[in-house]
Amino acid sequence: MMSATTRVNPRMVSNRFDYLLLWMTLALLGLGLVMVYSASIAIAEANAAIGHQSTYYLVRQAIFIGVSLVAAYMAFQVPMEWWQKMAPYLFIFAIALLILVLIPGVGRNINGSQRWLSLFVINLQPSELMKLFAAMYVADYAVRKSAQMDSIVKGFLPMVGVMVIVGFLLLREPDFGALAVVATIAISILWLAGINGWIFVGLIAVLPVAIYFLIISSPYRLQRVIGFMDPWADPFGKGYQLSHALIAFGRGEWFGVGLGGSVEKLLYLPEAHTDFLFAVIAEELGFVGVVIVLCMFAWLVIRAFGIGKEAAQNEQYFSALLAQGLGVWVGAQAIINIGVNMGMLPTKGLTLPLLSFGGSGILANCVAIAVLLRIDYENRMIQKGLPL
């Protein structure tokens, strides 16, 4: 077989990657663009005094998607060998950004959370990049420490120490939702890499206790949980967002009220174009639209695990763990966001991957899919005995 370092231009072998994965991603981005426009018209017009037009969020989302697709194309050109070599440095870079965003006067505080770095034209959310680079780092760590994964001291505790640092920084913003996703990615990759079963069981046993203390130690998180338990007890206070999200689901019925026909987006449902976009989808497209979106995300996750399995068969273990980690990321974040919208989980500041409004999230998601496509591309090249 030819050397893994030999490269050809992927454009010359464009029939050797998963077109269905590409089109499924573009379909989600397209649906998200339409629904973001529909969900944001009212809030854009309400901000007309500061120069916003009805298409304000539509134009910005279209620009975000365009830039993200360019970044994804560039990411696809990069061999997995390079991603593995750079994984620790990219992870350190993400930690540096998380520290930077907490510096007064540097990070931007919006709605009580300091999660954004101002890049003048757009705001960068470092926690979104952390999800991607954490997946790469943990996959690389698991491969490098494969012989020590049964050891608590040499294999498990170093990763715990690193994740505690990341968790501390994310909670300082605060961004509990991002921490939940990063922790899920790390735990899943370690499990897939073959961590000792008793260590894994112990970790799962400790997690609920840790989550409990995190909730009771923060008044705002505690209030969110109380509001989630019974949103109708205080529909104009703690349960306001969730009660209106549930009303949107109820109005949607089987086939929805029609595209653009949502009432809840008319300044009743906060964050309708970001965190609660799925509720607007449910109201306008109904149960059928909800099921279609769920099936699209389920297919993406299953395909990611399939690509990971193929990489493992080709003895590309970093690629295998990373592909499955990316699948866990998309699946976990989608489940959390949808669960919040449906009243099954407490409210968190997590967007719906590939659909919700937001530049950093769309950028990270598109690059992640591009890396997944690259892994699939290299799988096919290896199987055909062609150079990478």
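The structure this text deals with has already been given above.
This structure is a prediction, so every number in the text was calculated from the model and none was measured.

This brings us to the overall build of the protein chain. Scanning the protein chain for helices and strands turns up 12 helices and three strands. In terms of C-alpha radius of gyration, the protein chain reaches 21 Å, essentially the compact-globule figure of 21 Å for 388 residues. Based on the C-alpha atoms only, the size of the protein chain along its principal axes is roughly 60 × 50 × 45 Å. Looking at the 388 residues of the protein chain, the share that counts as buried comes to 50%. Residue pairs in contact within the protein chain that sit at least 24 positions apart in sequence constitute 71% of those at least 6 positions apart. On the protein chain, roughly 17600 Å² of surface is accessible, and the fraction owed to carbon and sulfur atoms is 69%. Between the centroid of the 23 positive side chains of the protein chain and the centroid of its 20 negative side chains there is a distance of 8 Å.

Once that is clear, we can look at helix H8 (residues 219-229). When H8 is considered as a whole, its buried residues turn out to be Arg221, Gly227 and Phe228. Seen from one end, H8 has its buried residues packed into an arc of 120°, which puts them on one side. Facing away from the buried side of H8, by more than 90 degrees, are the exposed residues Pro219 and Met229. In this structure, the buried side of H8 is in contact with helix H5 (152-172), helix H6 (176-192), helix H7 (197-216) and helix H9 (240-252).

Another aspect to go through is the nonpolar core. Within the largest apolar cluster, 112 residues are counted, with the highest numbers of intra-cluster contacts made by Phe91, Met130, Met136, Leu322 and Val371. Those residues in contact with Met130, other than ones at most four positions away along the chain, are Phe91, Ala94, Ile95, Leu98, Val166 and Val182.

Here the structure, examined in full by the defined rule, presents nine aromatic pairs. When the centroid spacing of 5.3 Å and the interplanar angle of 75° are considered together, the rings of Trp82 and Trp83 count as edge-to-face. A relative accessible area of 36% places Trp82 in the partly exposed class. A relative accessible area of 8% places Trp83 in the buried class. Between the aromatic rings of Phe249 and Phe278, the centroid separation amounts to 5.9 Å while the plane-to-plane angle is 50°, which identifies the pairing as tilted.

Cis peptide bonds are those with omega within 30 degrees of zero, and the linkage from Glu173 to Pro174 qualifies with -5°. Here the phi dihedral of Glu315 falls at roughly 65°; this positive angle occurs in a residue that is not glycine. As for its placement among the helices and strands, Glu315 is situated in the loop between helix H10 (277-313) and helix H11 (317-341).

Once that is clear, we can look at the pairing of strand S2 (residues 113-118). Counting buried positions along S2 gives five out of six residues, so the element sits mostly inside the fold. Where strand S1 (residues 107-110) folds back on S2, the antiparallel hairpin that results is connected by two residues, among which Asn111 adopts a positive phi of roughly 55°. Pairing of S2 with strand S3 (residues 123-124), which is carried by two bridges, proceeds in the antiparallel orientation. Among the inter-strand pairings, Ser118 is bridged to a residue of S3, identified as Asn123.

Two orientations exist for strands paired in a sheet by backbone hydrogen bonds: parallel and antiparallel. Sheet architecture is open: three strands sit in the order S1-S2-S3, paired in antiparallel fashion. Where the open sheet ends on each side, the last strands, each with one partner, are S1 and S3. Where helix H3 (residues 80-101) meets the sheet, it contacts S1, S2 and S3, and its direction lies at approximately 110° from that of S2.

Summarising the sheet, S1 and S2 pair through four bridges and their orientation is antiparallel. The partner of Gly107 across the bridge, within S2, is Leu117.

To continue, consider the packing of H3 against helix H4 (residues 126-144). Relative orientation of the contacting elements H3 and H4 amounts to 145°, with a least axis distance of 8 Å. For the pair H3 and H4, the sense of crossing is left-handed. Each of Trp83, Gln84, Ala87, Pro88, Leu90, Phe91, Phe93, Ala94, Ile95, Leu97, Leu98 and Val101 in H3 lies in contact with H4, whose residues at this interface are Pro126, Ser127, Leu129, Met130, Phe133, Ala134, Met136, Tyr137, Asp140 and Val143. Considering only residue class, the contact of H3 with H4 consists of 19 nonpolar, two polar and one charged.

Tracing the backbone through its elements, the reader meets Gln383 in helix H12 (residues 359-383). Overall, Gln383 belongs to the partly exposed group, its relative accessible area being 49%. A sequence separation of 73 residues divides Gln383 from Glu310, and the C-alpha atoms of the two residues are 9.6 Å apart. In contact with Gln383, not counting residues within four places along its chain, are Glu310 and Asn314.

Now for the side chain of Gln61. Position of Gln61 among the secondary structure elements: in helix H2 (residues 56-76). Those residues in contact with Gln61, other than ones at most four positions away along the chain, are Leu33, Val36, Leu355, Ser356, Phe357, Gly358 and Ile362.

Note on pairing: side chains with opposite charge can pair once their charged atoms come close. Evaluation of the coordinates by the stated rule reveals nine salt bridges. The residue Asp140 makes a salt bridge to Arg144 at a minimum N-O spacing of 2.8 Å. Taken together, the residues span about one helical turn, with Asp140 and Arg144 both in helix H4 at a distance of four residues. Residues joined by salt bridges that share partners form a network here, namely Asp18, Arg303, Glu310, Asp376 and Arg380.

Cut-off values and rules
Residues numbered from 1 in each chain as written. Predicted model: local features only at pLDDT ≥ 70, side-chain atom pairs only at ≥ 80, totals over all residues. Heavy atoms only, no water. Helix = DSSP H or I, 4+ residues; strand = E, 2+ residues; numbered from the N terminus. Rg over C-alpha atoms; globule rule 2.2 N^0.38 Å. Buried < 20%, exposed > 50% of the residue type's maximum accessible area, 1.4 Å probe, protein only. Contact = heavy atoms within 4.5 Å. Areas by Shrake-Rupley, 256 points an atom, 1.4 Å probe, with all protein chains shown as cover. Lys, Arg positive; Asp, Glu negative; His and termini not counted. Charge placed at Lys NZ, Arg CZ, Asp CG, Glu CD. Arc of directions from axis to C-beta. Core = buried A, V, L, I, M, F, W, Y, C linked by side-chain atoms within 4.5 Å. Phe/Tyr/Trp six-rings, centres within 6.5 Å; stacked < 30°, edge-to-face > 60°. Pairing = 2+ DSSP bridges. Axes fitted to C-alpha atoms, helices over the stretch in contact; angles between N-to-C directions. Left-handed = near helix turned anticlockwise from the far one by under 90°. Nonpolar A, V, L, I, M, F, W, Y, C, P; charged D, E, K, R; others polar. Salt bridge = Lys/Arg side-chain N within 4 Å of Asp/Glu carboxyl O.

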